[in-house]
Structures are given as structure tokens and as C-alpha cells.
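Report on the structure
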Amino acid sequence: MTVIHWLSAGALLASVGAAPAVAQETLVAPGPQGDLAGTLVAPAEGQPLVLIIPGSGPTDRDGNSSLGVTAAPYRLLADALAERGIGTLRIDKRGMFASKAAVADANAVTIADYVTDTASWVGAARTATGAECIWLLGHSEGGIVALAAAQEVPHLCGIILVAVPGRPLATVLREQLRANPANAPLLEDAEAAIATLETGERVDVTPLHPALQSLFAPAVQGFLIDLMAQDPAALAKQTDLPMLIVHGGNDLQVTATDAQMLRAAAPQAKYLEIPAMNHVLKDIPDGAPAANRASYGDPSLPVSRALVAGVADFVTRDRGASE
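Cut-offs used in this document
Residues numbered from 1 in each chain as written. Predicted model: local features only at pLDDT ≥ 70, side-chain atom pairs only at ≥ 80, totals over all residues. Heavy atoms only, no water. Axes fitted to C-alpha atoms, helices over the stretch in contact; angles between N-to-C directions. Helix = DSSP H or I, 4+ residues; strand = E, 2+ residues; numbered from the N terminus. Parallel < 35°, antiparallel > 145°, perpendicular 65-115°, else oblique. Contact = heavy atoms within 4.5 Å. Nonpolar A, V, L, I, M, F, W, Y, C, P; charged D, E, K, R; others polar. Buried < 20%, exposed > 50% of the residue type's maximum accessible area, 1.4 Å probe, protein only. Pairing = 2+ DSSP bridges. Right-handed = clockwise from strand over helix to strand, strands pointing away. Phe/Tyr/Trp six-rings, centres within 6.5 Å; stacked < 30°, edge-to-face > 60°. Core = buried A, V, L, I, M, F, W, Y, C linked by side-chain atoms within 4.5 Å. pLDDT = per-residue confidence, 0-100. Expected span 1.5 Å × (residues − 1). Arc of directions from axis to C-beta.

In this section: the packing of helix α2 (residues 111-129) against helix α3 (residues 141-150). Put simply, α2 and α3 touch, their axes get as near as 9 Å, and they point 70° apart. One element, α2, and the other, α3, form an angle in the roughly perpendicular class. Counting all contacts with α2, which are made through Ile111, Tyr114, Val115 and Thr118, the residues of α3 involved are Ile144, Val145, Ala148 and Ala149. In terms of residue class, the contact of α2 with α3 is built from 7 nonpolar, 1 polar and no charged.

Structural data, given as C-alpha cells:
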């Protein structure tokens with residue numbers, strides 16, 4: 001799994017759980033070489049079940065990451081949805097955390113592999129709860145997995161895209177690199193590396209600046225190549241399932257342009273703009289960049305109430321389309 005977040009490249013020269021509030025249980029699903037592991041909060045009778053697909057890098061089932069995120073957004077979202085009777089399944093990705101046994105190398109992965117795992121999770125969740133169909137909620141990069149899964153995985157009610165890029169990774173990386181003046185000395189080499197990866201070829205990082213060596217680490221280049229081949233807007237256009245697109249106005253990583261790309265590709269989708277919400281699903285005062293950054297390490301901040309209400313309304317009022 002790639003170890004970068006959608007905005008980490010924008011600051012290359014800078015440094016880069018509470019007890020559960022609701023009843024939950026461990027759930028496992030078959031993986032390639034061993035079990036995948038997750039946490040199930042069972043829905044109330046007749047209520048829907050939402051599978052939360054994590055974002056990029058070493059992000060665990062709670063939404064925390066060794067890259068400095070301890071905000072627990074997925075756990076808090078699951079708790080809030082449980083108060084409305086809505087079930088959730090949040091998961092550790094193959095090769096990581098409690099899903100470590102699923103594959104020997106967590107970096108040797110593709111979006112198609114994650115789609116395979118999603119299908120396995122949908123089957124396990126249906127068996128455990130009796131749900132006829134499952135909703136997919138993809139956060140950030142996880143939204144690309146959800147969109148790809150919507151093309152192939154049966155028994156889906158619909159998909160929810162939260163803070164999901166609407167453009168290919170290469171386009172986003174270029175924009176983020178150019179946006180930070182501190183990256184000027186690195187731009188020529190960085191853009192050359194991106195161009196090479198876009199063609200499906202690997203990059204020799206030996207002569208590159210250490211920051212670029214980390215960004216384009218050989219271990220993750222295979223995944224980067226695969227991810228750069230994904231076009232989220234094109235996938236959204238091909239998706240016939242009910243869809244909710246959610247964008248936060250204080251998101252530092254996914255822009256309004258991305259949300260608009262998804263909306264244009266899927267005009268039938270419902271759209272929810274939450275002006276105060278940031279990338280870790282917390283409401284932040286406008287014009288407060290320090291508070292925005294601090295929220296990435298603050299699990300005491302609740303997830304956006306508007307997000308909880310929007311997701312709950314979508315999955316309870318739209319019957320979905322079980323395939």
C-alpha cells in the first residue's frame with residue numbers, strides 16, 4: 001500500500017483510542033494468504049450496514065495512521081451511525097495491522113486487489129448480519145476502491161464518496177507540488193518521475209532528493225503506477241448504483257475541483273457540501289489552519305454532524321439496488 005496521502009507531496013520539505021462507545025465485534029473475511037480483519041457494529045433490525053473503506057497509506061480501521069493521524073474518524077463515524085441504528089464494518093487493509101497475515105507484502109497491491117477484498121468483506125458481512133445488500137463508504141483513496149468495486153461486486157446497495165479525488169493521482173500530485181513554493185527546487189525531477197510512472201515504467205530514485213526518494217520509494221512504485229491509471233471521474237460515470245458525493249469545505253487534501261469532477265461525471269448522484277468539514281471529517285472554523293492541522297491528532301473532536309446526518313439519510317431513504 002502506498003504510504004503517501006493525497007496532500008503529503010505538497011510539503012515535501014516539511015516534516016510530515018479511546019474505548020468503543022457501542023457494542024462491536026471482530027469480524028474476519030478470507031484474504032489471499034490469511035484472514036482479513038475488521039470491526040463490525042451490527043445494525044438494528046431492518047437497518048442498513050455500511051462498509052467503510054479506508055484512505056491511503058498505513059490507515060487502520062479507525063482511520064488512524066502512523067503518518068501522524070490519530071483523529072479516529074472512522075471509529076467516531078461508526079459510533080455516531082450506531083446511535084441511529086445503522087451498522088458499520090470498518091476494516092484493516094490486506095497486509096496491515098490485524099490483516100497482516102492476508103499478504104506477505106502490503107506494498108504489493110493494486111486497486112483490483114482491494115476490490116477483491118471488498119467482495120470478500122461484503123460476503124462476510126452478509127453472512128454475519130443477514131443484510132441483503134451492503135453500502136460502501138469510501139474515504140479519500142478508499143473512494144476509488146469503492147468506485148471500482150461498484151463495477152464488479154454484487155450485493156451492493158450503493159456507494160458514498162467522502163473526500164474523494166475526482167482526478168487521477170498524477171494530476172493531483174502535480175498540482176500539490178506546484179502549490180508549495182518550497183518545492184520549486186524539486187519540481188523538475190518530481191514531474192519527470194510522475195511522467196515516467198504515468199507510462200507504467202519505474203523510476204530510478206538514486207539521484208533524486210531524499211524527499212523525492214521517499215515520495216517515489218521503489219517499494220510503492222508498483223501501486224503508484226496502478227493508482228495513476230485510475231480515473232475516478234470515469235469510474236463515477238460508469239456507476240449505476242445510488243451514489244452520494246460528500247465534500248468538506250475545509251478539506252486541505254481534496255479540493256472543490258475534485259468534487260465538481262465527480263458531480264459532472266455522475267449528475268444523478270446526490271451531493272452534500274459541508275463547508276466546515278476537513279479531510280479527517282471534523283468541523284473546523286473557517287480561516288483556522290492551525291486548528292485544522294491539530295484536528296488530525298485529536299480523537300476527542302466528534303465527526304461532523306452534517307456528515308452523520310447526510311450518510312444516515314442517504315442509506316435509510318434510498319433503498320439501493322442489490323445486484
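So, on to the pairing of strand β6 (residues 156-162). Of all 7 residues in β6, 7 are buried, a share of seventy percent or more. Sheet topology places strand β5 (residues 134-139) next to β6; 6 bridges connect them, and they run parallel. Looking across to β6, one finds that Leu136 is bridged to Ile159. With α3 bridging β5 and its parallel neighbour β6, the resulting β-α-β unit is right-handed.

The final tally for this structure, using the stated rule, is 2 aromatic pairs. Taken together, a centroid distance of 6.2 Å and an interplanar angle of 75° make the contact between Tyr114 and Phe223 edge-to-face. One end of the pair, Tyr114, is in helix α2; the other, Phe223, is in helix α7 (residues 218-228), and 109 residues separate them in sequence. For the pair shown, Tyr114 and Phe223 are each scored as buried. Consider the rings of Trp135 and Phe314, whose centres lie 5.2 Å apart with planes at 65°: the pair is edge-to-face. Of the two residues, Trp135 sits in strand β5 while Phe314 sits in helix α11 (residues 305-317), which places them 179 residues apart along the sequence. Taken individually, Trp135 and Phe314 each receive the classification buried, so the pair is uniform in this respect.

Moving on to the nonpolar core. In this structure, Leu51, Trp121, Leu136, Leu161, Phe216 and Met243 are the most contacted members of the largest nonpolar core, which totals 66 residues. Apart from the residues within four sequence positions on either side, Met243 is in contact with Leu147, Ile159, Leu161, Ala236, Ala266, Ala269, Lys270 and Phe314. Counting residues in hydrophobic clusters, the runner-up holds 28 residues, among them Tyr74, Leu76, Leu244 and Leu281.

Below, the discussion takes up the confidence of the model for the protein chain. Caution applies to low-pLDDT regions: their predicted coordinates should not be interpreted in detail. Mean pLDDT over the protein chain stands at 92; residues scoring 70 or higher make up 92%. Here residues 1-19 is modelled with pLDDT under 50, and outside its nearest four sequence neighbours on either side it reaches 70 contacts, counting other chains as well.

Compared with an ideal rise of 1.5 Å per residue, which puts 12 residues at 16 Å, helix α5 (residues 187-198) spans 16 Å between its outermost C-alpha atoms and is within 8% of the ideal. Looking at α5, one finds that the buried residues are Ala190, Ala193, Ile194 and Leu197. Down the axis of α5, the sector holding all buried residues measures 100°, keeping them to one side. Buried residues in α5 make contact with α4 (169-179), α6 (210-215) and α7. Note on α5: the residue one or two positions beyond its end, Gly200, has a positive phi of about 95°.

The next subject is the environment of Arg174. Looking at the element boundaries, Arg174 is found in helix α4. Judged by relative accessible area, which is 18%, Arg174 ranks as buried. The contact partners of Arg174, leaving out residues within four places of it in the chain, are Ile194, Ala195 and Glu198.

Angle between the axes and distance between the axes are the two parameters that describe a pair of packed helices. Here α4 crosses α7 at 105°, and the two axes come no closer than 8 Å. In this view, α4 runs roughly perpendicular relative to α7, as classed from their interaxial angle. Contacts between α4 and α7 involve Leu169, Ala170 and Leu173 on the former and, on the latter, Leu224, Leu227 and Met228. Within the contact of α4 with α7, the residues separate by chemical class into 6 nonpolar, no polar and no charged.

Before going further, it helps to spend a moment on the pairing of strand β2 (residues 35-41). Extensive coverage of β2 is indicated by the burial of 6 of its 7 residues. With 6 bridges connecting them, strand β1 (residues 25-30) and β2 associate as antiparallel partners. Within β2, the residue paired with Val28 across the bridge is Ala37. The antiparallel pairing of β1 with β2 creates a hairpin that spans 4 residues between the two strands.

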